[in-house]
Amino acid sequence: METPQKWESKDGRGRRRVAEYIRHGYLPLETNTGHRQQVSTTMEYAYDDFVLSTLARRFSHHKHKQLLERSRSWKNVMDNSTGQWYVRGRYSNGSFIKPFNPFGYPSYITESTPFQYTWFVPQNVSELVEWFGGAAAFIDRLNFFFSEGHYDATNEPDIHVPFLFNYAGAAWLTQKWVVNLTREWYGPTAEGIPGNDDAGAMSAWYLFATVGFYPVCQGGGGGIFGDEEVKYIIGVPQFPKVTLTVQNGSLVVVANGLSIENIYIQSVSWNNLPYLRSWITHSMVSGGGTLVFEMGPEPSKWGSDPQDIPIGC
């Protein structure tokens, strides 16, 4: 929980310039990180702090509240002077960089656009929904992101974004876009994986996306933001049946009625009991069981009631 020594972060190791991040609540553009990327690093550090807060809480470390508060540092690089919220480069005096293009590739963002990195708040998507003006505005913004081609399936920073519709009560849109993306970007050819697989990241995305659930936020649980367990956000199953060997047996995922047209979840059952929530927990996955989906050609309201929407990590 201590600031690393200079030698520990030399040549890009560890959390570069973490002292400046702590002092300002973000990495100013003047900060020499060795790789620039000050805004994307700020977003990543905020998530790191969330995971550290979870660890600290489980060990009853006194800094867990401080770390949890610091995990909200993503807000410090958000700017809405364009009429929409985007992450944006910020100087140490608090001013934001000009000119600004949310769809360009500036040096203060790692291999992405500001628009793509704006969604990188996996530790508290619910707060991001409110930040954007509520569920309806959040859904509109997400639809714009995908329909106008801003999503990048070839790189990691935004590959969790298709699953964020669940947090706004629109699980059917997660189902729509996940199916569209798997069909567009993946296939049994020499170019069947988009971009560099990066140690298996893209392959893992496809496996989660087609089995039917995805880990938007790992490293949470433990009562942080009201959660006791890590969640896997339900997407859409794309195989009639999948059996996974897990810690305590088998997890079986069945998609009844699945076809090219039948991509929308009509209902779900878990071990023969109705299941309404649009996420499952890690204990469900590791403990094993049977998750059955009834599929159809039209969107349904499954997973849209307030109590069935995921909150936190």
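Up top is the structure these notes are about.
The sections below set out a description of the structure shown in this document.

How each quantity is defined
- Residues numbered from 1 in each chain as written.
- Predicted model: local features only at pLDDT ≥ 70, side-chain atom pairs only at ≥ 80, totals over all residues.
- Heavy atoms only, no water.
- Pairing = 2+ DSSP bridges.
- Helix = DSSP H or I, 4+ residues; strand = E, 2+ residues; numbered from the N terminus.
- Disulfide = S-S within 2.5 Å.
- Buried < 20%, exposed > 50% of the residue type's maximum accessible area, 1.4 Å probe, protein only.
- Core = buried A, V, L, I, M, F, W, Y, C linked by side-chain atoms within 4.5 Å.
- Contact = heavy atoms within 4.5 Å.
- Phe/Tyr/Trp six-rings, centres within 6.5 Å; stacked < 30°, edge-to-face > 60°.
- Lys NZ or Arg CZ within 6 Å of the ring centre and 35° of its normal.
- Axes fitted to C-alpha atoms, helices over the stretch in contact; angles between N-to-C directions.
- Parallel < 35°, antiparallel > 145°, perpendicular 65-115°, else oblique.
- Left-handed = near helix turned anticlockwise from the far one by under 90°.

1. Thoughts on the pairing of strand β5 (residues 241-246)
Okay, step 1: For β5 and strand β6 (residues 249-256), the ladder comprises six bridges, and the chain directions are antiparallel. From the neighbouring strand, Thr243 faces β6, where its bridge partner is Val252.
Okay, step 2: Hairpin geometry of β5 and β6 is characterised by an intervening segment of two residues between the two adjacent antiparallel strands.

2. What about the state of the cysteines?
What makes a disulfide is a covalent bond joining the sulfur atoms belonging to two cysteines.
Okay, step 1: On inspection of all chains with the given rule, the structure shows one disulfide.
Okay, step 2: Between Cys217 and Cys313 runs a disulfide, and the two sulfur atoms are separated by 1.9 Å. Across the S-S bond of Cys217 and Cys313 the torsion is about -95°, and the bridge reads as left-handed. Here Cys217, found in the loop between β3 (213-214) and β4 (231-234), pairs with Cys313, found in the segment after β10 (289-296); they are 96 residues apart in sequence, far enough to count as distant. Each member of the pair, Cys217 together with Cys313, is buried.

3. Some words on the nonpolar core
Okay, step 1: Within the largest apolar cluster, 79 residues are counted, with the highest numbers of intra-cluster contacts made by Trp119, Phe138, Phe146, Leu164, Trp205 and Ile280.
Okay, step 2: Take this core: its biggest share by element is six residues, from helix α7 (residues 171-185).
Okay, step 3: What Ile280 contacts, discounting residues up to four positions off in sequence, is Phe213, Val230, Lys231, Tyr232, Ile234, Tyr275, Val285 and Leu291.
Okay, step 4: Membership of the second largest hydrophobic core comes to five residues, among which are Tyr21, Leu27, Tyr45 and Ala46.

4. Some details on the packing of aromatic side chains
Okay, step 1: Applying the stated criterion across every chain, the model contains 29 aromatic pairs.
Okay, step 2: Ring plane angle 85° and centroid distance 6.0 Å describe the contact between Tyr47 and Phe120, whose orientation is recorded as edge-to-face. Linking Tyr47 in helix α2 (residues 38-58) with Phe120 in the loop between α4 (114-118) and α5 (125-131), this pair joins segments that are 73 residues apart in sequence. In this pair, the class of Tyr47 matches that of Phe120, namely buried.
Okay, step 3: Residue placement shows Arg141 over the ring face of Phe132; its charged tip is 5.0 Å from the ring centre.

5. Points about the packing of α7 against helix α8 (residues 201-211)
Okay, step 1: With their axes 10 Å apart at the nearest point, α7 and α8 run at an angle of 135° to one another. Relative to α8, the element α7 is oriented oblique. The interaxial crossing formed by α7 with α8 has left-handed handedness. Together, Val178, Leu181 and Thr182 of α7 and Trp205, Tyr206, Ala209 and Thr210 of α8 make up the contact between the two elements.

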